[in-house]
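Residues per chain, in single letters:
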Amino acid sequence: MALNLISFVVGLLMLYYGAGILVRGSSSLAKSLGLTPIVIGLTIVAFGTSAPELVISVVSSVKDKSMIAVGNVIGSNICNIALVLGVASLLHPIQGHSSISRRDIPIMLGVSAYLLLISFNSNIGRFEGFTLICGIILYTWFNYYAAIKESRQRQVESGIYFVSAVEGIGYIPSRARQVLFILIGIAGVVAGAEILIDSAVVIMKVFGVSEKFIGLTIVALGTSLPELATSVVAALKKEMDISIGNLVGSNVFNILSVLGAASLVRPISIPGGFIESGLLIDYIVMLFISFLPWLMMRKTNVVRRKDGAILLSCYVLYIMYLIIKT
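Student: Where do I start with the pattern of salt bridges in this structure?
Tutor: Pairing of side chains with opposite charge becomes possible as their charged atoms draw close. Counting across every chain of the model gives four salt bridges. For Asp64, the salt bridge identified is with Arg266, shortest N-O distance 3.8 Å. Of this pair, Asp64 sits in the loop between α3 (51–62) and α4 (66–91) while Arg266 sits in the loop between α12 (243–265) and β3 (268–269), and the two are 202 residues apart along the sequence. A salt bridge links Asp104 to Arg103; the shortest N-O distance between them is 3.4 Å. There is no split in this pair, since Asp104 and Arg103 are both buried.

And the structure:
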């Protein structure tokens with residue numbers, strides 16, 4: 001048991017550092033090729049920071065652990081808003097652009113509602129996965145052209161704070177080292193996902209908890225560590241323009257690309273039924289948590305400290321609910 005716990009932690013660390021190395025290498029390569037910050041943020045770095053969720057869900061789907069795949073995405077989306085945004089705004093009020101509440105959050109809510117709709121039959125098949133992948137292509141295209149039309153400052157706000165994060169850890173000038181970092185990052189994320197899933201399954205059996213619980217809690221928190229670390233650092237540095245746009249975009253990416261890719265690899269079935277398994281409640285919690293930032297920002301475009309306390313309290317209550325239910 002101790003060995004499996006150690007393996008689980010090792011898997012999380014490999015996911016965390018692998019994603020960071022992948023982001024640094026791929027962003028440096030993109031910049032050296034002359035790509036603009038907005039393109040880097042919306043494509044290469046966006047993929048890199050969501051690589052843990054993507055790989056975990058695909059590996060879980062291949063291993064026929066579908067509830068870990070679904071739980072990881074739902075749990076990560078709840079964690080990104082309730083925990084990450086909650087902690088960041090507690091440290092410092094977060095000022096967002098008006099388009100976040102006007103456009104980005106409604107898109108996140110629409111995508112979440114679509115996921116709820118296609119899950120009611122307790123199966124996310126390849127056709128549904130194809131529609132999700134089409135959705136992420138359209139979303140990326142839409143964001144790219146919307147950002148091009150808006151001011152340069154807005155490009156930074158939608159853009160993509162990942163670029164600031166990359167500059168903070170340093171640009172890699174050598175092309176060979178850029179490629180090496182990309183390969184090491186991919187290897188770290190994939191190997192970390194394998195180790196984490198295998199150890200999580202053993203732990204799940206020992207403690208008698210469900211795949212869904214593992215996916216919604218430990219795995220979800222582990223794959224959200226990059227967002228949590230970056231947002232906390234941004235809050236401490238008072239770089240508030242970067243936090244909420246990233247978290248909203250990450251949630252959209254998680255549903256469309258992560259579950260889309262996982263269900264294309266292998267259709268995702270929900271054992272016991274969508275309603276009977278209790279997953280419907282988790283979906284409703286995700287929708288409610290996703291709605292709260294819009295409610296908080298609709299007038300002032302600011303997530304205040306008291307709003308952060310509300311979000312964090314929601315996350316604690318949700319975790320308590322999962323523990324009691326288990």
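Additional details are given in the paragraphs that follow.
Student: Help me out: how do you make sense of a nonpolar patch on the surface in this one?
Tutor: On the surface, a nonpolar cluster with roughly 450 Å² of combined accessible area is contributed by Met1, Leu5, Val202, Val206 and Phe207. With three residues, helix α9 (residues 175–207) is the largest single contributor of residues to the nonpolar patch. In this fold, Val206 is placed in helix α9.

Student: Looking at this structure, I do not really get the packing of aromatic side chains. What am I missing?
Tutor: How two aromatic rings sit relative to each other is set out by the distance from centre to centre and by the angle between their planes. Applying the stated criterion across every chain, the model contains four aromatic pairs. Connected via pairs of aromatic rings, a cluster forms that spans Phe120, Phe274 and Tyr283.

Student: Explain helix α5 (residues 98–119) here, please?
Tutor: Residues separated by three or four positions in an α-helix point in the same direction, a consequence of the helix having 3.6 residues per turn. Here α5 is 22 residues long and its end C-alpha atoms lie 32 Å apart, about the 32 Å a rise of 1.5 Å per residue gives. Along α5, the helix axis deviates most sharply at Asp104, where the bend reaches about 30 degrees; the proline Pro106 sits within four residues downstream.

Student: Would you mind going over the environment of Gly308 with me for this structure?
Tutor: Inspection of the secondary structure puts Gly308 in helix α14 (residues 305–325). Separated by 217 residues in the primary sequence, Gly308 and Leu91 have C-alpha atoms spaced 8.7 Å apart.

Here is what the cut-offs are and how they apply
- Residues numbered from 1 in each chain as written.
- Predicted model: local features only at pLDDT ≥ 70, side-chain atom pairs only at ≥ 80, totals over all residues.
- Heavy atoms only, no water.
- Salt bridge = Lys/Arg side-chain N within 4 Å of Asp/Glu carboxyl O.
- Helix = DSSP H or I, 4+ residues; strand = E, 2+ residues; numbered from the N terminus.
- Buried < 20%, exposed > 50% of the residue type's maximum accessible area, 1.4 Å probe, protein only.
- Patch = residues over 30% accessible without salt bridge, like charges linked within 9 Å, V, L, I, M, F, W, Y side chains within 5 Å.
- Areas by Shrake-Rupley, 256 points an atom, 1.4 Å probe, with all protein chains shown as cover.
- Phe/Tyr/Trp six-rings, centres within 6.5 Å; stacked < 30°, edge-to-face > 60°.
- Expected span 1.5 Å × (residues − 1).
- Bend = angle between axes of the 7 residues up to and from the residue.

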